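Here is what each chain is made of, one letter per residue.
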Amino acid sequence: MELPTVASIAVAAPLDRTLSYLIPQELRGVLRVGHRVKVSLGRRLAVGYVFGLAAAATEGLKPVLELLDIQPLFAPAHAAFYQRAARYYAYPLGEALRTALPAGLSGSGCQPAILRDRLYRPTGLTGEPAGPRQRELLAAVRDLGGTTLSTLRARFVAPHAPLQRLVDQGFLAVEEVERSRDPQAPAPMVAPVTVQLNLAQERALGALRQALSHSGFAPFLLHGVTGSGKTEIYLRGIADVLARGRQALMMVPEIGLTPQLVARFRHWFQGRPVRLAVLHSGLGEGERYAAWRAAARGDIDVVIGVRSAVFAPLDRLGLIIVDEEHDASYKQGEGFRYHARDLALLRGQMEGAAVVLGSATPALTTYQRARDGQMTCLELPERVADRPLPGVEIINLAACAGPGIISPQLKEALAATLAAGEQALLLLNRRGYAPFLQCRECGATCRCPNCAITLTYSRVERAVRCHYCDYRQVPPDTCPRCGGAEFLPEGAGTERLEETLLELFPQARIARMDRDTTTRKGAHGRLVTGMETGAFDILIGTQMVAKGHDFSAVTLVGVVGADSVLNLPDFRSAERVFALLSQAAGRAGRGERAGRVLIQTYAVDHYALEFVSRHDYHGFAAVELQQRRALDYPPFGHLINLVLSGNDAAQVAAAAERLAATLDRQRGEVEVLGPAPCLLQKLRGRSRMQLLLKASQRPPLRGLLDRVVIGCRLPEGVTMTVDVDPLDMM
Ligand code: ADP
Ligand code: ZN
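Values in this document were obtained by computation on a predicted structure and should not be read as measured data.

> I'm lost on the packing of helix α19 (residues 649-666) against helix α20 (residues 698-709) in this one. Help?
To describe two helices that pack against each other, one gives the angle between their axes and the distance between the axes. Contact geometry of α19 with α20 gives a least axis separation of 11 Å together with a crossing angle of 130°. Relative to α20, the element α19 lies oblique. As α19 packs across α20, the resulting crossing turns out to be right-handed. Contacts between α19 and α20 involve Leu659, Thr662, Leu663 and Gln666 from the first element and Leu704, Arg707, Val708 and Val709 from the second. Here the residues of the contact of α19 with α20 are counted per class, giving five nonpolar, two polar and one charged.

> Looking at this model, I keep getting lost on the packing of aromatic side chains. Mind explaining?
The geometry of an aromatic ring pair is captured by two quantities: the separation of the ring centres and the angle between the planes. Evaluation of the coordinates by the stated rule reveals 20 aromatic pairs. Each ring, one from Phe578 and one from Tyr617, has its centre 6.0 Å from the other, and the planes form 55°; the classification is tilted. Taken together, the positions of Phe578 in helix α16 (residues 573-585) and Tyr617 in helix α18 (residues 617-631) put the pair 39 residues apart, joining distant regions of the chain. Both residues of the pair, Phe578 and Tyr617, belong to the buried class. Here the aromatic rings of Phe578 and Phe620 are separated by 4.3 Å at their centres, their planes lie at 0°, and the arrangement is stacked. With Phe578 in helix α16 and Phe620 in helix α18, the pair connects residues that are 42 residues apart, well separated along the chain. When its relative accessible area of 3% is taken as the criterion, Phe578 is described as buried. Feature note: the residues Phe51, Phe74, Phe81, Tyr82, Tyr88, Tyr89, Tyr91, Phe311, Phe336 and Tyr338 constitute an aromatic cluster, connected by ring pairs. In this structure, Arg459 packs its charged tip against the face of Tyr433, placed 4.3 Å from the ring centre.

> Before we go on, may I ask you to explain the coordination of the zinc ion (ligand 2) in this structure?
Octahedral metal centres with six donors ideally show angles of 90 or 180 degrees, and tetrahedral centres with four donors ideally show 109.5 degrees. Coordination of the zinc ion (ligand 2) by the protein is provided by Cys448 (SG), Cys451 (SG), Cys466 (SG) and Cys469 (SG), with metal-donor distances spanning 2.3 to 2.4 Å. Coordination at the zinc ion (ligand 2) is tetrahedral, judged from the four donor atoms that bind it and the angles of 105 to 113° they form at the metal. Read in sequence order, the donor residues coordinating the zinc ion (ligand 2) give the pattern C-x2-C-x14-C-x2-C. Taken together, the positions of Cys448 in the loop between β18 (436-439) and β19 (456-458) and Cys466 in the loop between β20 (463-465) and β21 (472-473) put the pair 18 residues apart, joining distant regions of the chain. The same class applies to Cys448 and to Cys466, which are both buried.

> I'm lost on the nonpolar core in this one. Help?
Across soluble globular proteins, nonpolar side chains have a tendency to be buried as a group. Counting residues in each nonpolar core, the largest one holds 72 residues, and the members touching the most others are Phe74, Met251, Phe311, Leu663 and Leu693. Element by element, the count of residues in this core is highest for α19, at six residues. Those residues in contact with Leu693 that sit more than four places away from it in its chain are His638, Leu639, Ile640, Leu642, Leu663, Val670, Glu671, Val672, Leu701, Leu704 and Val709. Listed in part, the 41 residues of the second largest apolar core include Ala511, Val557, Leu581 and Phe611.

> Looking at this model, I keep getting lost on the site of ligand 1. Mind explaining?
Around ligand 1 lies a shell of 16 residues, among which Gln196, Gln201, Gly227, Lys230 and Arg264 are the nearest. Note that a nitrogen atom of ligand 1 is positioned 2.7 Å from one of the side-chain N or O atoms of Gln201. One nitrogen or oxygen atom from the main chain of Thr231 is found 3.0 Å from an oxygen atom belonging to ligand 1. Contact with the protein chains covers 82% of the free accessible surface of ligand 1, which is 560 Å². The element contributing the most residues to the shell around ligand 1 is helix α7 (residues 230-243), with three residues. Each residue belonging to the shell around ligand 1 can be placed in one class, and the counts come to four nonpolar, seven polar and five charged.

> I would appreciate a short explanation of helix α12 (residues 408-419) in the present structure.
Residue pairs spaced three or four apart in an α-helix point in one direction, given the helix's 3.6 residues per turn. Here α12 spans 16 Å end to end across 12 residues, near enough to the 16 Å set by a 1.5 Å rise per residue. Along α12, the residues classified as buried are Leu410, Ala413, Leu414, Thr417 and Leu418. Buried residues along α12 cover an arc of 135° about the axis, so they all sit on one side. The exposed set on the far side of α12, more than 90 degrees from its buried face, consists of Glu412 and Ala419. Where α12 is buried, its residues touch β16 (391-396), β17 (423-428), α13 (494-504), β24 (538-541), β25 (554-561) and β26 (596-601). Following α12 by one or two positions, Gly421 adopts a phi angle in the positive range, close to 70°.

> Mind showing me how you'd approach the sheet that holds strand β3 (residues 36-41) here?
Read from one edge to the other, the open sheet built from five strands follows the order β2-β1-β4-β3-β5, with strand pairing classed as antiparallel. With partners counted over all chains shown, the strands left at the sheet margins are β2 (19-22) and β5 (66-67), one partner each. Pairing geometry for β3 and strand β4 (residues 44-54), over six bridges, is antiparallel. Directly across from Lys38, in β4, lies its bridge partner Val47.

> How should I be thinking about the side chain of Arg347 in this particular structure?
Considering the arrangement of structural elements, one finds Arg347 in helix α10 (residues 340-351). Setting aside anything within four residues of it in sequence, one finds Arg347 in contact with His78, Phe81, Val310, Phe311, Ala312, Leu314, Leu317, Ile320 and Gly352.

Rules of the game
- Residues numbered from 1 in each chain as written.
- Chains lettered and ligands numbered in written order.
- Predicted model: local features only at pLDDT ≥ 70, side-chain atom pairs only at ≥ 80, totals over all residues.
- Heavy atoms only, no water.
- Axes fitted to C-alpha atoms, helices over the stretch in contact; angles between N-to-C directions.
- Helix = DSSP H or I, 4+ residues; strand = E, 2+ residues; numbered from the N terminus.
- Parallel < 35°, antiparallel > 145°, perpendicular 65-115°, else oblique.
- Left-handed = near helix turned anticlockwise from the far one by under 90°.
- Contact = heavy atoms within 4.5 Å.
- Nonpolar A, V, L, I, M, F, W, Y, C, P; charged D, E, K, R; others polar.
- Phe/Tyr/Trp six-rings, centres within 6.5 Å; stacked < 30°, edge-to-face > 60°.
- Buried < 20%, exposed > 50% of the residue type's maximum accessible area, 1.4 Å probe, protein only.
- Lys NZ or Arg CZ within 6 Å of the ring centre and 35° of its normal.
- Donors = N, O, S within 2.8 Å, 3.2 Å for Na, K, Ca; no water.
- Tetrahedral: all angles 85-135°; square planar, octahedral: opposite > 155°, others 65-115°.
- Core = buried A, V, L, I, M, F, W, Y, C linked by side-chain atoms within 4.5 Å.
- Near = heavy atom within 4 Å.
- Polar contact = N/O pair within 3.5 Å; in protein donor to acceptor, adjacent residues only side chain to side chain.
- Areas by Shrake-Rupley, 256 points an atom, 1.4 Å probe, with all protein chains shown as cover.
- Expected span 1.5 Å × (residues − 1).
- Arc of directions from axis to C-beta.
- Pairing = 2+ DSSP bridges.

Following this line, the structure appears as structure tokens:
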């Protein structure tokens, strides 16, 4: 057989097709699909991914310069999936791969360095050390029968010194070990119980097993209320698919949720030789690379990860699970704007796998797919163990006297919860101290010089800062415009809520969970563990606190404020609020004791809130879908958002007008809306205009995109981003 001489390569550059390169003599027979290579592109060097090999004429072709991997990063079967994905989102294939594959794949072979760790073991010396921290640490090590420093770091602040003292006193022995690349580090606690499935769970699992026995594409919506035991079904489904010699991929929305899931997973599969890899952006590059490599070698049975895990190179994929499938974090917000849930369905179809989308509040697009018969709906209408859903009360803020951010009702409920020794969770969907500073005299605010947005005030950081471009400055003492002396925080964020609570309940142990308190590695895990072990009485935070957690001692959930979500100028705002509040409410009363939910709002009459208070997803969906249908919005119509941006506002506007005119001439059945300034008119110094393409069928929309948008010429300095199925219209 003739050896291939030409490789088609997706170069990591804004190109809409693969390029052909000559395979040099020494790489013939060596180079394979999925290899990374170095090539020249114009006058620079670039990384590329091999997508095809052929024996063909080589005249005029530039050679592949270097092979960067020993083993390919993906198999030919995945190549087809990556190609479809990139094409669907109208993103250059090579750039898409750069997003999809583990970052930082520079340097050949990329052998990750060995990380060191310390393993502590109890010595058998009985008795207790003096300090409370030492006692706590010793108890933890004894509990686990021995554990590593990295594990303890995830649960305790600065454990090294007290551990050393325990070693010095002879309570612990220590040895230097290689850090496990198995990134289970934070070791949350999992109650060792094996549950007996209830009838609804059995039925759902039965349907899934049935599908798995046929080994073909089978999409499911697992619609189960919060606390209905969806995870138990995922785990059993995975066990089933593994027993059939195939692999499973499980996606979760947030990095923060993976340790809990991994712990539960390990517990469930205890004693069984299941090889698990975790893929998420919180891992070091070496760790991610190692996990990816292991998967590509076929050494992995289950991958757990966040949205990018949908690209994991699993060859015998039998089951894909997308937990909390409604979560917006499955959609990548910039660059390659893919939606991991939609790609999971595509992948399942291409590779003959079952796909389970699970949620208590399915995205309306998913729900409609199920209603259309495109997927099978499995319902878990009740919580496990006959636990009731929590009672929900709506509190009218307009009727509350005083300027406080905690209504008298919520204050009373908090006091009762604390008195009973139970935990509370408070949601306020804004971080920082206040959304802005404002002059009481002239009304001026501090605005970002780069973005069309006010700067958020953080007291902790003593700064006003931009949540988009991270611009920050020292907060002015007086109004920059009129010199007025009262330049003060307006509105409330999580920092201010924390302060207020400390004043109201000085004895309470309060923790805050938002993007500011969880950036450090392990920080999220410490907060979760703190809640699980009862180290905190009240956890406050942004939407992060509403997601997925299973804290059994939380009996009160308070929504301090979420009206900002309701007021977003977006056709999905009601859907978002419904999901956010239902999920938040779902954190209450998951244990023995019943839960209670208080929602503070100015929008008491909003239909979304009414359905939240009745736990009525179907009712909400019916009303919302009717409106969507009337306006031809998703799931009935389809959208593509085009954003043009550049430093020169007039030039951007002119380019947008020209593009709109061209689109209009060829639009066929597609509606062309705009151009209009984006909601965020300026971002990172660039002016932004948008054009929205809307159609009731996909093919004409796709056609217009291919004919007019892709490859269209824009003036120097103006760039365009294409967002297929946009989730937010910022
Ligand atoms: P969901 O993912 O639907 O919110 P989980 O799967 O996390 O729910 O289950 C919530 C809790 O209920 C977990 O602690 C789980 O172990 C427990 N659980 C699940 N199924 C049952 C069951 N059939 N009987 C008793 N407890 C159960
Ligand atoms: Zn900014």
